[in-house]
Amino acid sequence: VPWRTVGRSTGRRRVDGRHAGVGRAEGRATMDLGTAWAWDTKKLACKIRAESGNPAIDELRLRLSEMAGVPIPDAMNSGSGKKAGGTVGSKKLARKGNLEKDKPMAPIPLASLGTGGQIVSDFDANMKHSTTNMNIHKKFFVVPRSPPPKIIADMHLERMKRPEIEATEGGSPMQLTAAASKNNLERRRQKRAQREKLSKRSAKEKNRSQNDSFADTNVSKEKVFKPYTGDVFGTAGNYMGGMVYLSRLPTHDVDSVLRKNFSTKPSDAPHADMDDTRNAVNEGSVQDYASEDSDSLKAREAKLHCASTLASWAQHDANTDRLAKEGAVQATMVLCKEEDIEIRKHCANAFRHMSSKRLLCEQLVQIAAVPTISELASSAKDEGISRDCAICLVNMTRMDGIEARLVEDGIVLALMSLMNQHEGLASLCVRGLFNLTCVDQSYQFVERVIKSFVQLASSATLEVKHICVSGLCNLSDLKSLRPRIVEEGVVQALQLLARQAESKTRRVCAIILHSLALSSTCRADMVSKGAVLVLHQLSLDEDTITLHYIASAIIRLAMENQHMNRLINDRGVISLCNICQRCPTIASTTQLCAAALQLLSQRTIGKPAIVQEGVVPALVTLLRESKDTTTLRHGLAALCNLLTAEENHLPIINQGGVQSVINLCEHEHSGIQEACALALFNLSRGESTRDHQINLSAIPAIIRLSRLPMPVTQMRCAASLCKLAVNAANVPLMLSEGVVPAFIEMLKTEDAGIVKHCCSALCCLAHEGSSCVMIAEGAGPYIINGAQTGDVTTQQACCAVLSIISSHEQCRRQLCDMGALPALIQLAKMNDMKTRLRCAVAFANLSYESTVQGLMVDHDVVPVIADLSSPSPSYAEPWTAANEQNYTAEEEKDPAPKDHDSSYSEENQLYCAKALCNLGCHIGSEKRIVEQGGAYTLMMICMLRAGNQFTKQVCAKALLNLLTPENLEKLVNEDLVQAASALSKKPLPPKNDDEKLLRVCAEIFCLLSADEYGRSKLIKRATLMNIFNLTRSTDRITQSICGKTACNLLSFKDSQAAAVDAGAVSVLKQMCTLGDPASERECSDAFFLISGEESYRREIRNSQVLPVLILLARSKNRDTRWSCNRILCNLALYESSRKALLETGTIPAMVALAHETEGDDDIVEICLYTVAYLSLESNYQTKMVEDGVVGAIKKIWKGKPGNAEILKLVSLTLRSLSESPSARAQMIADGSMELLAEVVLATSSDSALQESIFPHCATTVYNLACCRDSEEVLVEQGALTALRTLGQVLSCSSLVAAPLYLLSLVASNRDKMAEGDIPELLIKLSEVDDEATVQNCSGTFFMLSKATKVREKLVEAGMVPTLIRLSKSATEKVRISCSEALKNLSSSGGDGIEEGTVSTLISMSLSGANLNTTTIMDEKHEHERPVIPETDVSKVSLPDYLMPRFDTAFEAHSTTILKREGLGAGQGPAPPEPPTMETRDEAPLTIEDEDGMEGAGGEDEETTDKIMMFAKMHAPESDLHFG
């Protein structure tokens, strides 16, 4: 299939060997879109013919065909016709059938269509159209177009015309003129309609004539239709010629599409057509003196003369009435519409002079001459005409009361048009616009005037700018118009007008903004539209009046809170600062600036930003240079407000603001002095500036101000000094400046607020030691006296000072000597929470001084302290209205009266506990304190009242101080155990344990556990569990003390069971891991005591104590090692514990201990006991051997080789280990046989030990001999020697015979076995009445007889008779073995044969009993197992010193108890809060409004509009005398 070009030809593909862009006809022929595409789904919405490019042509051809009654052939070969039921004029035509099934119509002659038919025929012959060029539904859309600019201008003029005045009775020249104007308008409309009709008719005639000419001439389509070169579908390039685009062109563009080069200019049309058109218009026009039919030369001259005359007459005032009465104005209106330029000049001149006469000017206004004059001026190319018209319009605006009518008639547009056409007329025209603003009230369409000024703002001269702002100034005086002015963009326009303008212009701009700012409704829009930026631009002027109005505008904008950010960001604050810098001595302006800054500083946000904008230097300038009291007052208020933000302190100090305040402290005005005091107070509130160098000047100034007889100033000074006294660096300066005498003088005023501030300040001063001593010496007596004799407020304040002073060690004794104790006792009875709390603080501080502790006990302070901690004091004052004032709203949560619930506070309990704890440190006063209820008070605090861990800690310390031997029983009876148990409990989250508290509780319990009476009260399970839970402490000392308590409880029979049940084993386990040798020893001793009971041993196992004990068994501390090994030995003694020990790793520890211990035979022996007992556990014997236990036993044996207990233990251990077949090879490899031979040898000399040791040894040898492939090693290690010794004991016969047989199975051993006494031993053993022994011996005889080298030795040993005897045995194996042995021995005999040998041999040979002997005896058959004796552990029992028993001489563990101080209470609660002071200074603002009245910054608007500021203007003289 060849390539088909679709869309734009690219020149890269070829179609049938030719370039794709050869020609459009070939390209279309090869596209074949109808068959190549699924076109039914891609049909266009219309049918397009390439020759026309517009479906409108197709529609026209169809209609022509219908009108002629002849069908037009379809070039597409697709039938088309009317839709069923349609009409001839219908626009909706439908195809019948589809593209493939439609049959072609018969050819029809096209002569009836004329030339058009011929063209269509020729074109269709050369064109084959695609089915895509069809408008299926014949739908066309007209693209809307905007009318020409001329039409828009005409429409605008029509809208600006005023409605016609209704006719009244009795015609007048004015009414006639209006009627004539109406007729004239109607006549023009008729002429326009006729002109359009004639143009259509002439166009049709032209087309008809051309068609007739075409009928005679064969015209090619190239001359008629433009060649189509665009993109078919408008996908690229020439969109204007695309089919899709052309299909959407409106119908009236047919001519422009088909005849693009056809000119439509009137000059190209034939003159005949123009004449016909003109004649047609003349025939249908109305006869009038202004018509074109009378425009002859003579008429022109007459009109010219008339216009000239009217212009001349209008120059003289005497002709005014006559001209007005005889219709001169109307005539001029008619003449000005002539096309003659000269006539228009005279008319314009006449209008100019008529407008200067009031009577004629009124007629011009009444007949709505503005549009006519505007049209005259805009259509004239002569600048003189335009100037005269402009003067006329300006003169018309000078008339009062007609501004609204003029604006409605379009004078604004007229003046703006003139200014646009002629720049030289700008100053003239703008005067007319200005005159329209000279009104005393708003009028309709005044916004047009506003908009005109806004438009002139960007392209105006200095003069025009000034006139513009003057006009806007007039309009801004109208209150009702101000929102409209702002809305129309005047604020933005002022920014342009003020730029590079004259000073007077900028001044007027400032006045405008001031006037607009007077209306609160405009302020938000003004700020949002950039008014603040304009004000900043204007603030750079030097003109004081301008600056005054700027300040006035800004202060009104600042009255709204929401404008704060914009005033800062748009440089409004900088504008105020500029004004302050330029005119600091002009009171009227500085007052506004200072007041505005005060307003801005009162806002809760933006204070740091204001400071950053440079407001501080401006305020400093005002405070230094201004002499106006109001300015200073507002400036100080602004500075005070800025100082409320601490981040502003350093900038204000660095920029001289504080120094200016200090300088003004000497001002005579009281308001300024109060403001200075407030500013310094705000400065003192900042923590970062309290140590600044400025305080060197500020503190003396504050002290001087405090001496003024003004309560407010004194209060502020006291508060400032209180804040500054917090910094210790300021105290020396304050003291040197006489602050204490100043405070004393202020205290004499007895003003509640001042007293509170002074006491708070004294409390702050008392924080420093040196100043505290000075206060105590100087003001102490006065304070104590005030505490005893003053009113409630004074007592509260004095108590605060006393509590602060008592926190200093050097003042405590001095206070007691002055009589502070009685005063504090009296103050403690007050019904005030804070005062009682401060008394508790004072008692705690004073009791911390050891020299006054006894004095305080003697003054019976303990009951007072107990009463302070009680929620219901015994001597508390009842609740009355008199003391209700002592509680603030914050302190009194419940309005209902209640007695001293404040004493239940945590702080109060803490201070009382500290006081009692300190008093308990006084040796000798413990008993008296307990008797006065101190212990009971402490228990109530720690168990019920206190919730803080530290408070409980202090209580525990106090109880420990009181826990002396003489007080122990009494304290226990007062529930000391319960209190300590409660204190030792773990607190609930999120609280954490107090380590000090845990230690104190542990010490209390330790002391009680060492006493029999105290121990009897501790054995309750709950108490013991609390005691043992103290091991959760992370303090090693606390844990050690807790371990001592557990050891005490376990060391006595009456408490041992309860302690174990409560968890003492776990406590001891933890103590053993502390690394403290003493604790390890004590705990191991305790473990040893409980290891004798099975239930206790079970607890030890379950508590996982064994690993710890095993670890400590190797401790470097000999006592610990001794105790732990005793414990392990006792545990190993019992079968229930062995498995746990073995699984825990006891054997490796014992092995290591055996190798490590040198010279300590006792521990080694205990270790061997442990190993021996553990070896009885059959399941772990192999593991023990693998862990090297044989080597450890050998090491122990070498240390005490002859000890009887060691012999027993070693033999038992080896025998037990050898019971495991899998362990025997390793035992042999580790030298067990050698060790056993030594044991046997060592025992051979002691017949008493042989009975208990030899069976174990013989069993061990037998077990080892059962290990195959180890026989030679056993012989080498001395097995034969051991067996030779063991065989001497009858009870070991079977155990000896069996290993001998097993050893003889190896040929290499037979020679060694023939040596020594082994043959004799065998002969002896064969005589034992034990079948197994005899059988094993006979087997051994046989094996030995195989060795030829030893046969003679065997014969010599007398084995032949034994063999002869045994060969007759009833046991077949014995008989066979002996016969074979006898045979072997006789085969080599040459010296003679024993008696009976021959007969025995013959008997065996002839009887056939030995038929299979060779085969049987050659095989190593199993030996006969001997009887293994049972192991009797009781024979290896523990000695007494290893058995656990209670020690009657045991001394309970104790701990060293030292007196623990509760320490001081510090300074206690904060000083009494002084009365709340307002940190902001809101000095009253007095802002003059427009009428000169004073307001407070509210709505500053007048009730009526003001009179305009500027009067109306004449036309400039330069324009009047122009030309």
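J.: If you had to explain the overall build of the protein to someone new, which residues and values would you point to?
T.: A tally of helices and strands in the protein yields 87 helices and six strands. Taking all 1523 residues of the protein together, 52% fall into the buried category. Within the protein, contacts between residues separated by at least 24 positions form 76% of all contacts whose residues are at least 6 apart in sequence. Roughly 68900 Å² of accessible area belongs to the protein as shown, and the carbon and sulfur atoms make up 51% of that amount.

J.: Quick rundown of the pattern of salt bridges? Include the residues and the values.
T.: On inspection of all chains with the given rule, the structure shows 40 salt bridges. With its nearest N and O atoms 3.1 Å apart, the salt bridge here joins Glu338 to Lys303. Placement of Glu338 in the loop between helix 13 (328-335) and helix 14 (341-355) and of Lys303 in helix 11 (residues 297-313) is noted, with a sequence separation of 35 residues between them. Residue classification places Glu338 among the buried residues on the basis of a relative accessible area of 9%.

J.: Now, about a nonpolar patch on the surface: what can you tell me, with residues and values included?
T.: Together, Leu60, Leu64 and Met67 give the surface a local cluster of nonpolar side chains, amounting to about 340 Å² of exposed area. Note that Leu64 resides in helix 3 (residues 55-68). Accessibility expressed as a relative area gives 44% for Leu64, which makes it partly exposed.

J.: An account of the packing of helix 27 (residues 531-538) against helix 28 (residues 544-557) is requested, with residue identities and associated values reported.
T.: Viewed as axis vectors pointing N to C, helix 27 and helix 28 meet at an angle of 155°, and their least axial separation amounts to 10 Å. With respect to helix 28, the axis of helix 27 lies roughly antiparallel. In this structure, helix 27 crosses over helix 28, and the sense of that crossing is left-handed. Residues Val532, Leu535 and Leu538 of helix 27 form the contact with helix 28, whose own contacting residues are Thr546, Leu547, Ile550, Ala553, Ile554 and Leu557. A breakdown of the residues in the contact of helix 27 with helix 28 according to their chemical character gives eight nonpolar, one polar and no charged.

J.: Please set out helix 34 (residues 629-643) residue by residue, giving values where relevant.
T.: For helix 34, built from 15 residues, the straight-helix expectation of 21 Å at 1.5 Å per residue is met to within 8% by its first-to-last C-alpha distance of 21 Å. Counting buried residues along helix 34, 12 of its 15 residues qualify, which places the element largely inside the surrounding structure. Of the positions making up helix 34, those classed as buried are Thr631, Leu632, His634, Gly635, Leu636, Ala637, Ala638, Leu639, Cys640, Asn641, Leu642 and Leu643. Where the residues of helix 34 are buried, they touch helix 31 (587-601), helix 32 (607-612), helix 33 (615-625), helix 35 (649-654), helix 36 (657-664) and helix 37 (670-684). You can read the cap of helix 34 off the contacts: a side-chain oxygen lies 3.3 Å from the backbone nitrogen of Thr630, and it is on Asp628.

J.: Pulling in residues and values, what's your account of the packing of aromatic side chains?
T.: Within the structure shown, the criterion is met by two aromatic pairs. Ring centres of Trp1122 and Tyr1441 lie 5.9 Å apart, and the angle between their planes is 10°; this geometry places the pair in the stacked category. Of this pair, Trp1122 sits in helix 66 (residues 1118-1133) while Tyr1441 sits in the loop between helix 86 (1413-1418) and strand 5 (1487-1488); the two residues are 319 residues apart in sequence, bridging distant segments of the chain. Residue classification places Trp1122 among the buried residues on the basis of a relative accessible area of 17%. Plain terms: the ring middles of Tyr1169 and Tyr1173 are 6.1 Å apart, the flat faces sit at 40° to each other, and that makes the pair tilted.

J.: Kindly report on the environment of Gly1145, identifying the contributing residues and their values.
T.: Relative to the helices and strands, Gly1145 is located in the loop between helix 67 (1135-1144) and helix 68 (1146-1156). Among the residues examined, Gly1145 registers a relative accessible area of 21% and is labelled partly exposed. In the structure, Gly1145 is positioned 39 residues away from Met1184 in sequence and 9.7 Å away in space, judged by C-alpha atoms.

J.: Please give an account of the confidence of the model for the protein that cites residues and values.
T.: Mean pLDDT for the protein: 76, with 75% of residues reaching 70 or above. Contacts for the low-pLDDT stretch residues 875-903, under 50 throughout, to residues beyond four places or in other chains number 44 contacts.

J.: Give a detailed account of the environment of Leu310, specifying residues and quantitative values.
T.: With respect to the helices, strands and loops of the structure, Leu310 is situated in helix 11. On the basis of relative accessible area, Leu310 is assigned to the buried category, the value being 8%. Once the C-alpha coordinates of Leu310 and Ala331 are considered, the two residues, 21 residues apart in sequence, prove to be 8.9 Å apart. Apart from residues lying up to four places away in sequence, Leu310 is in contact with Leu323, Ala328, Ala331, Thr332, Leu335 and Ala350.

J.: Requested: an account of unusual backbone geometry, with residues and values cited.
T.: Excluding glycine, a negative phi dihedral is what most residues carry, and trans is how most peptide bonds are arranged. At the junction of Pro989 and Pro990, the peptide bond is cis and its omega measures out at 10° in the coordinates. Note that Pro990 resides in the loop between helix 56 (976-983) and helix 57 (995-1009). Despite not being glycine, Asp860 has its phi angle at roughly 55°, a positive value. You can see Asp860 is positioned in the loop between helix 48 (850-858) and helix 49 (861-869). Of note, Asp975 is a non-glycine position whose phi angle comes to about 70°, a positive value. Relative to the elements of secondary structure, Asp975 occurs in the loop between helix 55 (965-973) and helix 56. Judged by its relative accessible area of 38%, Asp975 falls in the partly exposed class.

J.: Please set out the state of the cysteines residue by residue, giving values where relevant.
T.: Summed over all chains, the structure comprises zero disulfides. Distance from the sulfur of Cys473, which forms no disulfide, to the nearest cysteine sulfur (Cys509) is 9.4 Å. The buried category is assigned to Cys473, whose relative accessible area is 0%. Cysteine Cys942 shares no disulfide, and the gap to the nearest cysteine sulfur, in Cys955, comes to 5.2 Å. On the basis of relative accessibility, which here comes to 3%, the residue Cys942 falls in the buried class.

J.: Can you lay out the packing of helix 66 against helix 69 (residues 1161-1174) for me, pointing to particular residues and giving the numbers?
T.: Relative orientation of the contacting elements helix 66 and helix 69 amounts to 25°, with a least axis distance of 8 Å. Considering their axes alone, helix 66 and helix 69 lie roughly parallel with respect to each other. The interaxial crossing formed by helix 66 with helix 69 has left-handed handedness. Note on element contacts: helix 69 touches helix 66 through Asp1162, Ile1163, Ile1166, Tyr1169, Thr1170, Tyr1173 and Leu1174, opposite Arg1118, Arg1121, Trp1122, Asn1125, Arg1126, Leu1128, Cys1129, Ala1132 and Leu1133.

J.: Account for helix 67, naming residues and giving values.
T.: If you check which residues of helix 67 are buried, you get Ser1137, Arg1138, Ala1140, Leu1141 and Leu1142. Elements in contact with the buried residues of helix 67: helix 64 (1094-1102), helix 65 (1106-1112), helix 66, helix 68, helix 69 and helix 70 (1181-1186). One or two steps after helix 67, the chain reaches Gly1145, where phi turns positive at roughly 100°.

J.: Outline the side chain of Ser1338, supporting the account with residue identities and numerical values.
T.: Its location among the elements puts Ser1338 in helix 81 (residues 1331-1345). Discounting chain neighbours no more than four positions away, the residues touching Ser1338 are Lys1373, Val1374, Ser1377 and Cys1378.

Rules used in this analysis
Residues numbered from 1 in each chain as written. Predicted model: local features only at pLDDT ≥ 70, side-chain atom pairs only at ≥ 80, totals over all residues. Heavy atoms only, no water. Helix = DSSP H or I, 4+ residues; strand = E, 2+ residues; numbered from the N terminus. Buried < 20%, exposed > 50% of the residue type's maximum accessible area, 1.4 Å probe, protein only. Contact = heavy atoms within 4.5 Å. Areas by Shrake-Rupley, 256 points an atom, 1.4 Å probe, with all protein chains shown as cover. Salt bridge = Lys/Arg side-chain N within 4 Å of Asp/Glu carboxyl O. Patch = residues over 30% accessible without salt bridge, like charges linked within 9 Å, V, L, I, M, F, W, Y side chains within 5 Å. Axes fitted to C-alpha atoms, helices over the stretch in contact; angles between N-to-C directions. Parallel < 35°, antiparallel > 145°, perpendicular 65-115°, else oblique. Left-handed = near helix turned anticlockwise from the far one by under 90°. Nonpolar A, V, L, I, M, F, W, Y, C, P; charged D, E, K, R; others polar. Expected span 1.5 Å × (residues − 1). Polar contact = N/O pair within 3.5 Å; in protein donor to acceptor, adjacent residues only side chain to side chain. Phe/Tyr/Trp six-rings, centres within 6.5 Å; stacked < 30°, edge-to-face > 60°. pLDDT = per-residue confidence, 0-100. Disulfide = S-S within 2.5 Å.

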